[in-house]
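# Structural characterization, general
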Amino acid sequence: MTNNNRTRYSILDLAPVSKGSTAAQTLQKSLDLARKAEALGYTRIWYAEHHNMISIASAATSVLVGFIAGGTQKIRVGSGGVMLPNHSPLIVAEQYGTLALLYPGRIDLGLGRAPGTDPETAAAIRSDRMASVYQFPDEVSRIQQYLSVENSQSRVRVPFAEGVDLPVYILGSSTDSAWVAAQKGLPYAFASHFATAQLMEALNIYRNEFRPSQYLQEPYVIAGVNVIAADNHERAEQLSTSLLRMFLNVLSGKPDYIQAPSQMTDELRELWQHPTVQQMLRYSFVGDKSEVSARIDEFIQLTGVDELMVVTNTFDHVDRLRSYELLAEIMQERMGLVNPVSQKAS
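First, a word on what this report is: a plain description of the structure on this page. (Residues numbered from 1 in each chain as written. Predicted model: local features only at pLDDT ≥ 70, side-chain atom pairs only at ≥ 80, totals over all residues. Heavy atoms only, no water.)

Moving on to the pattern of salt bridges. One pass over the full model with this rule turns up 15 salt bridges. Residues R44 and E307 are paired through a salt bridge, measuring 2.6 Å at the closest nitrogen-oxygen approach. Here R44 is found in strand β2 (residues 44-47), whereas its partner E307 is found in strand β9 (residues 307-311), with 263 residues between them in sequence. On the basis of relative accessible area, E307 is assigned to the buried category, the value being 0%. The network of salt bridges with shared partners includes R44, R76, D108 and E307. (Salt bridge = Lys/Arg side-chain N within 4 Å of Asp/Glu carboxyl O. Helix = DSSP H or I, 4+ residues; strand = E, 2+ residues; numbered from the N terminus. Buried < 20%, exposed > 50% of the residue type's maximum accessible area, 1.4 Å probe, protein only.)

Residue G81 is bonded to the preceding G80 through a cis peptide linkage, with omega at 5°. By secondary structure assignment, the location of G81 is in strand β3 (residues 76-83). One non-glycine residue, A15, lies in the positive phi region at around 50°. Along the chain, A15 falls in the loop between β1 (8-13) and α1 (23-39). By relative accessible area, A15 is classed as buried at 0%. Located in the positive-phi region is N52, a residue other than glycine, with phi close to 60°. Tracing the backbone shows N52 in the loop between β2 and α2 (61-70).

All right, on to helix α8 (residues 199-209) then. Within the span of α8, buried status applies to L199, A202, L203, I205 and Y206. With its buried residues spanning 160° around the axis, α8 presents them on a single face. Here the buried face of α8 lies against α7 (175-184), β6 (188-190), β7 (221-229) and α12 (289-303). (Arc of directions from axis to C-beta. Contact = heavy atoms within 4.5 Å.)

With that settled, the discussion passes to helix α9 (residues 233-251). Under the 1.5 Å per step criterion, the end-to-end length of α9 is 27 Å for 19 residues, consistent within 8% with the ideal 27 Å. Those residues of α9 not exposed but buried are A236, E237, Q238, L239, S240, T241, S242, L243, L244, M246, F247 and N249. Tucked into the core, α9 has its buried residues touching β7, α10 (266-272), α11 (275-281), β8 (284-287) and α13 (317-334). Between the side-chain oxygen of the N-cap and the backbone nitrogen of E234 there are 3.3 Å, and the N-cap of α9 in question is N232. (Expected span 1.5 Å × (residues − 1). Polar contact = N/O pair within 3.5 Å; in protein donor to acceptor, adjacent residues only side chain to side chain.)

One pass over the full model with this rule turns up eight aromatic pairs. With centroids separated by 4.7 Å and ring planes inclined at 75°, the aromatic side chains of Y9 and Y42 adopt a geometry described as edge-to-face. Of this pair, Y9 sits in strand β1 while Y42 sits in the loop between α1 and β2, and the two are 33 residues apart along the sequence. The exposure class of Y9 is buried, given its relative accessible area of 2%. (Phe/Tyr/Trp six-rings, centres within 6.5 Å; stacked < 30°, edge-to-face > 60°.)

Structure below.
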């Protein structure tokens, strides 16, 4: 387990589409964010596969990963993740193997088994996907086989990707994924930015059952958190109303674009405290730099994670960039760096 003061920090970008903006504009903002993240010392930036959601533009992860990697220099770029039951393992190996050749040492392949959408859309993506859900561990192994040097003797190959540097991560929001990651000796990323109930149980399973492999000798844990940081508490609280409304729209089955923030009212505060909202957004850290820093410390002490995967969904791109800048300052100050961000980002 990493020293708590050396915890890495990364970004999960959902490519959120704000009301009045377009998907094309959003993707250009994602590139701008990735470039800023690179300057701010973020380890990696991942893109999540979601379908049939007007507020998210990251459905085609392999295309977006290539676009972002081509527009940056050193930050790792990957999928957080590819929802494997939606895809053929061979095609995933071909796509991400190609990316790993184009951008050596910079591409990550995160694999999950959730649909990333509603049941009707999931069926439209792949009618037999439920069979693939149960075959998830085997399909992960199939991808690893395609990417291995040993596969050169097989009849079905991805010749250009055999032996390529392409780390595989197991993503999950339940204990099932923890077992898979542990048994395969792979790094594990938990979606605690929205699925909080089984976080600690999953981490315990993963660490206790972990089997060293050729890929990883010790457990490596990434956990997702929502962060909205601003220069003062009132502004951060105001910005968080967009996040709250986004989740309320999802829960009510009425997805919409990211809405402009509003003043935090008593009614909205009550909604924040609703048990369902609290269950989903328990690990959401909203406030000024000192407040968010305290919450980050608590979370890292609680979980002992090696890396934070930070999600920040705000209406305005400038507010999003500022939040990630403040989070980078927090994380670098924890590492004991004197002037953490200001000189790097300039």
